[in-house]
Amino acid sequence: GRERVASLRGTVAVRSEDGRAVRRVDVSGFLSEFPSGERAADFSTERAAWRPAGRPLLVAQADFDASWIHALMGEFRRALVLLEKGRAVFVRGRDSVMVATIDLDRGETLLLLNRPGEAETALGLAHAVFRRQKMPIEAGRALTLLAEAAADRGDTGLASRRIVTAIRGLERAGQAGAAARAHLARARIGLARERLPEARAACSEAALLFIALGFHS
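Small disclaimer: the values here were computed from a predicted structure and weren't measured.

For Arg94, which is not glycine, the phi torsion reads 55 degrees and is therefore positive. Within the fold, Arg94 resides in the loop between helix H2 (76-92) and helix H3 (96-112). When its relative accessible area of 40% is taken as the criterion, Arg94 is described as partly exposed. Residues other than glycine seldom take positive phi values, yet Lys134 does so here, at roughly 55 degrees. Position of Lys134 relative to the elements: it lies in the loop between helix H4 (116-132) and helix H5 (136-153). In this structure Lys134 comes out as exposed when scored by relative accessible area, which is 72%.

By size, the foremost hydrophobic cluster in this structure holds 18 residues, and its most contacted members are Leu104, Leu123 and Phe130. At the level of elements, H3, H4 and H5 are the ones that each hand at least two residues to this core. Sequence-distant contacts of Leu104, that is, excluding residues within four places in its chain, are made with Leu123, Ala126, Phe130, Glu138, Arg141, Ala142 and Leu145. Ranked by size, the runner-up nonpolar core spans 15 residues in total, among them Ala147, Ile163, Leu170 and Ala182.

Our focus in this paragraph is the packing of helix H6 (residues 156-172) against helix H7 (residues 176-192). Packed helices, taken two at a time, are described by the angle between their axes plus the distance between the axes. At a closest axis distance of 9 Å, the pairing of H6 and H7 adopts a crossing angle of 160 degrees. Overall, the two elements H6 and H7 adopt an arrangement that is roughly antiparallel. Like other packed secondary-structure pairs, H6 and H7 cross with a definite hand, here left-handed. For the pair formed by H6 and H7, the contact residues are Thr156, Ala159, Ser160, Ile163, Val164, Ile167, Leu170 and Glu171 on the first element and Ala178, Ala179, Ala182, His183, Ala185, Arg186, Ile189 and Ala192 on the second. Across the contact of H6 with H7, the residue classes tally to eleven nonpolar, three polar and two charged.

The terminal C-alpha atoms of H2 lie 25 Å apart, and with 17 residues this matches the ideal 24 Å at 1.5 Å per residue to within 8%. Within H2 the residues assigned to the buried category are Ala79, Leu80, Leu82, Leu83, Gly86, Arg87, Val89 and Phe90. Two residues or fewer past H2, Arg94 is found with a positive phi of approximately 55 degrees.

Next up on the list: H7. Counted at 1.5 Å a residue, the expected span for H7 with its 17 residues is 24 Å, and the 24 Å between its end C-alpha atoms agrees. Turning to H7, its buried residues number three or more, namely Gly177, Ala178, Ala179, Ala180, Ala182, His183, Ala185, Ala187, Ile189 and Gly190. Structurally, H7 contributes buried residues whose contacts are with H5, H6 and helix H8 (196-212). Among the residues trailing H7, Glu194 stands out with phi positive, at a value near 60 degrees.

Quick look at the pattern of salt bridges now. Scanning the entire structure with this criterion turns up ten salt bridges. Across the salt bridge formed by Glu120 and Arg162, the nearest N and O atoms sit 2.6 Å from each other. Of this pair, Glu120 sits in helix H4 while Arg162 sits in helix H6; the two residues are 42 residues apart in sequence, bridging distant segments of the chain. For Glu120, a relative accessible area of 14% translates into the label buried. Glu198 serves as the salt-bridge partner of Arg195, at 3.8 Å between the closest nitrogen and oxygen. Here the salt bridges share partners, and the residues they tie into one network are Glu84, Arg87, Asp103 and Arg106.

Right, let's talk about the confidence of the model for the protein chain for a bit. Averaged over all residues, the pLDDT of the protein chain equals 83, while 78% of them reach at least 70. Under a pLDDT of 50 for its full length, residues 50-54 has, in the predicted model, six contacts with residues more than four places off or in other chains.

Calculation notes
- Residues numbered from 1 in each chain as written.
- Predicted model: local features only at pLDDT ≥ 70, side-chain atom pairs only at ≥ 80, totals over all residues.
- Heavy atoms only, no water.
- Helix = DSSP H or I, 4+ residues; strand = E, 2+ residues; numbered from the N terminus.
- Buried < 20%, exposed > 50% of the residue type's maximum accessible area, 1.4 Å probe, protein only.
- Core = buried A, V, L, I, M, F, W, Y, C linked by side-chain atoms within 4.5 Å.
- Contact = heavy atoms within 4.5 Å.
- Axes fitted to C-alpha atoms, helices over the stretch in contact; angles between N-to-C directions.
- Parallel < 35°, antiparallel > 145°, perpendicular 65-115°, else oblique.
- Left-handed = near helix turned anticlockwise from the far one by under 90°.
- Nonpolar A, V, L, I, M, F, W, Y, C, P; charged D, E, K, R; others polar.
- Expected span 1.5 Å × (residues − 1).
- Salt bridge = Lys/Arg side-chain N within 4 Å of Asp/Glu carboxyl O.
- pLDDT = per-residue confidence, 0-100.

Structure, rendered in structure tokens:
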């Protein structure tokens, strides 16, 4: 269990008593749909079960959070195992956005393990979901990592096309921080292609964005 939880003052928990009927409740903020097929945005049942319904999500989220700790410690293989466990729960629950979120981190972890081919598969799945759900920040981050994966495989032409598309999308969405990080990725790809002026220009763009955000050397 989690003994301590940080929350905003005034936060409340709203729940149905076990076994009580529920009529047309919107729980889409927690899952996209139920395994049995009911719509989460318009859910009804004669016998609501609070505790059993929460366990798989809690276990998956705990695995997901723990993976960050292992990644920060450089234990990328252990982080990947935990991400796979968490992903399996959300696949069973048919929550495509959470699966894509984990695929995004799986892809980044696989890149750190020098497995760009597997990373591209995970990141491609994540990018497709984020584009379909109109989530430009997440889609842009996935495409940035896809560009880096292509560069790691030696396909610098594809990497360049992907990173340009990622930057345009992030800038249109007004995501200066994510765009700055994408410019840094473009600089690394430019260096890999031995295009020094392109790399220098990308570094300058990143620096200007970071300065505008209040980050100074």
